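Results of the structural survey
The lines below spell out each chain.
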Amino acid sequence: MEIKIKNMVCRHCVAAVTDALRNLALDVKEVTLGRAVIGEDNIDSQTLDKLDSVLHELGFERITDYDDEIIDIIKHTINRHIAEGDNCHFNLSACIEKNLPVSYDTASRIFSQNEGRTIEKYYNACKIEKVKELLGYGTMTLGEIAHETGYSSTSHLSRRFKEVTGMTPTEYLKSGIRRKGINEV
């Protein structure tokens, strides 16, 4: 049986979900980003309720709806697109469309209706969270961060950063505000 899971973004998420499934005495065959395969063909409603509760405590959610599945694929694609940076040879809409069974226009409509913002706004928020992460390390200049995250210049990065956060990168560093987790973007 395959279980689709929302908000899994890294290997730590895979490990957490694997542990959760094993703690529920489920026969874990494989866990990857966004999905788990277990040996059982069916799970009783009591175990499903426990699973939903455990996943919720970990910041995840079982996907039971088609729109949720589309949105989860879009979010994973955006995170992968940001992580790959210059290594991705497609623009964002092409990356999203090649990973979905629907057109970009349909995906965009589903995303906006369910998330209350456009794919582009979500993408920009994710990029800014990546900038915050890199700023927090303190090992790169703003110019290097701009290049790493796909901004054409430090001024372009600073403008986008202020649009999203209401402050400049320097003000953000001085503020001591904690950056958001990927599930909070």
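Each remark here, short or long, concerns the structure printed above.
My aim in this report is to walk through the structure given alongside it, one point at a time. Starting afresh in each chain, residues are numbered from 1 along the sequence in its written order. This being a predicted model, a pLDDT of at least 70 is required before a residue's local features are given, and a value of 80 or more before pairs of side-chain atoms are given or counted; all residues contribute to the totals for chains, interfaces and linings. Water and hydrogen atoms were dropped before computing side-chain values, which therefore reflect all heavy atoms in the structure.

A word on the sheet that holds strand S4 (residues 61–62)
Quick note on the threshold: Strand pairing is assigned whenever DSSP identifies at least 2 bridges connecting the two strands. Think of it this way: any DSSP run of H or I at least four residues long counts as a helix, any run of E at least two long counts as a strand, and we number them from the N terminus. By the convention used here, residues are in contact when the closest approach between their heavy atoms is within 4.5 Å. Lines fitted to C-alpha atoms define the axes, with helix axes restricted to the stretch in contact, and inter-axis angles between N-to-C directions lie between 0 and 180 degrees.
Taken in spatial order, the four strands of this open sheet run S2-S3-S1-S4, and their pairing is antiparallel. The sheet terminates laterally at strand S2 (28–32) and S4, the two strands that pair on one side only. As judged from the three bridges shared by strand S1 (residues 2–6) and strand S3 (residues 35–38), these two strands associate in the antiparallel manner. Following the sheet pairing, Glu 2 is matched in S3 by Val 37. In the packing of helix H1 (residues 11–23) onto the sheet, contacts are made with S1, S2 and S3, and the angle to S2 comes to roughly 155°.

Quick notes on the side chain of Thr 77
Using the following cut-off: Polar contact is defined as a pair of N or O atoms within 3.5 Å, subject to the rule that within protein one atom must be able to donate a hydrogen and the other to accept it, and that residues adjacent in sequence are counted only when both atoms are side-chain atoms.
Take Thr 77: it is sitting in helix H3 (residues 66–84). Within the structure, Thr 77 has its side chain in polar contact with the backbone oxygen of Ile 73 (distance 2.8 Å). When residues no more than four places from it in sequence are discounted, the contact partners of Thr 77 are Cys 95, Ile 96 and Asn 99.

Quick notes on the pairing of S2
Where S2 meets S3, four bridges bridge the pair, whose relative direction is antiparallel. Bridge assignment links Thr 32 to a residue of S3, and that residue is Arg 35. Hairpin geometry of S2 and S3 is characterised by an intervening segment of two residues between the two adjacent antiparallel strands and by a positive phi of about 85° at Gly 34.

Remarks on the nonpolar core
For soluble globular proteins, nonpolar side chains are generally found buried alongside one another. Filter applied, for reference: Residues belong to a common nonpolar core when they are buried Ala, Val, Leu, Ile, Met, Phe, Trp, Tyr or Cys residues joined through side-chain atoms within 4.5 Å. With a 1.4 Å probe rolled over the protein chains alone, any residue whose accessible area is under 20% of its type maximum counts as buried; one over 50% counts as exposed, and the rest are partly exposed.
Counting 18 residues, the largest nonpolar core has Ile 5, Met 8, Val 17, Leu 21 and Val 31 as the members making the most contacts within it. With four residues, H1 is the single largest residue contributor to this core. When near neighbours in sequence (up to four residues on either side) are disregarded, Met 8 contacts Cys 13, Val 14, Val 17, Val 31, Thr 32, Leu 33, Gly 34, Arg 35, Phe 60 and His 76. Among the nonpolar cores identified, the runner-up in size contains 16 residues, and Ile 71, Ile 96, Ala 107 and Tyr 122 belong to it.

Any link to function would need more than the numbers given here.
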